[in-house]
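A closer look at the structure
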Amino acid sequence: MTNGIIHGVGLGPGAQDLMSVRADRLIREASHVSYFRKRGKSGHARRIVEGMLRPDAIEYPMEYPVTTEIPLSDPRYNEVLSGFYADCTAHLDRLSATGEDVVVLCEGDPFFYGSFMHLHSRLSAPVKIVPGITGMSGAWTASGTPISWGDDVTTVLMATLPEEELARRIRDTNALVVMKIGRNLPKLRRAVEAAGKQDCAWLVEYATMADQRITPLAEAIDVTAYFSILLIHGQGRRP
């Protein structure tokens with residue numbers, strides 16, 4: 001029997017009509033669909049594809065055992081998540097061994113800071129990737145301003161980094177994208193101020209979605225939505 005294929009399908013930044021044609025086709029034809037979600041929640045990826053799945057599609061939600069309950073610095077965090085990813089991979093490998101294809105829904109692009117990468121590195125089954133528009137691309141498009149010009153250096157940071165490192169990297173770049181903000185917003189705000197760039201920093205939440213919101217960093221509240229990205233636009237060389 002030929003093994004089934006595990007498709008890591010990029011959904012793009014959130015709007016259904018920003019998916020690729022290939023992603024749309026695979027999702028609508030899939031008999032097995034899997035996605036990550038927080039326990040007790042429907043999951044962002046699943047909500048994006050609402051109305052697209054076959055009525056008889058079999059869904060396999062992969063529920064994170066922890067999200068913010070354990071600090072990233074705690075050794076238990078990696079131990080718990082490693083076991084979780086191993087269990088998810090085993091399930092997908094078993095389906096593949098029976099000849100079943102599986103579509104794994106991935107917010108943004110599967111190979112850009114996504115959880116799918118932790119499956120990809122463990123899977124024995126054949127894997128194919130469908131790239132997606134990244135969330136940061138959706139964010140700077142929503143801002144209505146190019147993110148970089150000419151020789152601008154564009155830096156992508158995680159707000160989970162230490163405050164001093166954030167400030168140093170923000171100071172040293174021309175254009176900036178910061179992801180994984182959430183409860184780290186107060187720390188990020190201080191780092192932006194330390195870098196002297198508080199007057200040109202924007203927070204984009206739910207880019208391309210119905211509840212999209214763009215706010216100057218100075219006016220943002222202390223905890224942001226899951227889908228939030230901070231932008232500082234480059235001002236580089238132009239003709």
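The text that follows walks through the structure, step by step, so that each part is easy to find.

Definitions and cut-offs
Residues numbered from 1 in each chain as written. Predicted model: local features only at pLDDT ≥ 70, side-chain atom pairs only at ≥ 80, totals over all residues. Heavy atoms only, no water. Helix = DSSP H or I, 4+ residues; strand = E, 2+ residues; numbered from the N terminus. Contact = heavy atoms within 4.5 Å. Buried < 20%, exposed > 50% of the residue type's maximum accessible area, 1.4 Å probe, protein only. Salt bridge = Lys/Arg side-chain N within 4 Å of Asp/Glu carboxyl O. Pairing = 2+ DSSP bridges. Axes fitted to C-alpha atoms, helices over the stretch in contact; angles between N-to-C directions. Core = buried A, V, L, I, M, F, W, Y, C linked by side-chain atoms within 4.5 Å.

Digging into the environment of valine 104
With respect to the helices and strands, valine 104 occurs in strand β4 (residues 102-106). With residues up to four places along the chain from it excluded, the contact list for valine 104 reads Ile6, His7, Gly8, Val9, Ser34, Met62, Leu92, Phe116 and Leu119.

Considerations on helix α7 (residues 185-194)
For α7, the full list of buried residues reads Leu185, Lys187, Leu188, Arg189, Ala191 and Val192. Of the surrounding secondary structure, the elements contacted by the buried residues of α7 are α6 (163-172), β7 (175-179), β8 (201-205) and β10 (228-232). Within two residues after α7, glycine 196 carries a phi angle of roughly 75°, on the positive side.

Quick notes on the pattern of salt bridges
Considering all chains together, one arrives at 13 salt bridges under this definition. Its salt-bridge partner being glutamate 165, residue arginine 169 comes within 3.0 Å of it at the nearest N-O pair. In this pair, arginine 169 and glutamate 165 both sit in helix α6, 4 residues apart, roughly one turn of the helix. Look at arginine 169 and you get partly exposed, because its relative accessible area is 34%. Glutamate 205 serves as the salt-bridge partner of arginine 213, at 3.0 Å between the closest nitrogen and oxygen. Classification of glutamate 205 as buried rests on a relative accessible area of 6%. When salt bridges with common partners are traced through the structure, they connect Arg37, Arg39 and Glu63 into a single cluster.

Some remarks on the environment of glycine 99
When you line up the elements, glycine 99 lands in the loop between α3 (75-97) and β4. By relative accessible area, which is 33% here, glycine 99 ends up partly exposed. It is 29 Å that separates the C-alpha atoms of glycine 99 and glutamine 16, two residues lying 83 residues apart in sequence. In this structure, glycine 99 is in contact with Met1, Thr2, Asn3 and Gly4, ignoring residues within four places of it in sequence.

Digging into the sheet that holds β10
Through backbone hydrogen bonds, the strands of a sheet pair up, either in parallel or in antiparallel fashion. Strand order in the open sheet formed by 5 strands is β6-β7-β10-β8-β9, and the pairing between neighbours is mixed. Each of the sheet's edge strands pairs with one partner strand only, and the pair in question is β6 (154-158) and β9 (213-216). Pairwise comparison of adjacent strand axes, ignoring direction, gives a mean angle of 20° for this sheet. One ladder, built from 5 bridges, connects β6 with β7; its direction is parallel. By the bridge assignment, leucine 157 is partnered in β7 with valine 178. Docked against the sheet, α6 engages β6, β7 and β10, running at close to 165° with respect to β6.

Brief notes about the sheet that holds strand β3 (residues 58-64)
Reading across from one edge, β3-β2-β4-β1-β5 is the order of the 5 strands in this open sheet, with parallel pairing throughout. Looking at the sheet topology across the chains shown, the edges are occupied by β3 and β5 (127-130). Pairwise comparison of adjacent strand axes, ignoring direction, gives a mean angle of 25° for this sheet. As paired elements, strand β2 (residues 32-38) and β4 share 2 bridges and run parallel to each other.

Some remarks on the nonpolar core
If you look at the biggest cluster of nonpolar residues, it comprises 20 residues, and the most contacted ones within it are Ile6, Phe84, Val104 and Leu119. Elements that contribute at least two residues to this core include exactly β3, α3, β4 and α4 (116-120). With 7 residues, α3 is the largest single contributor of residues to this core. Grouped together as the second largest cluster of nonpolar side chains are 19 residues, Ile170, Ile181, Leu185 and Ala195 included.

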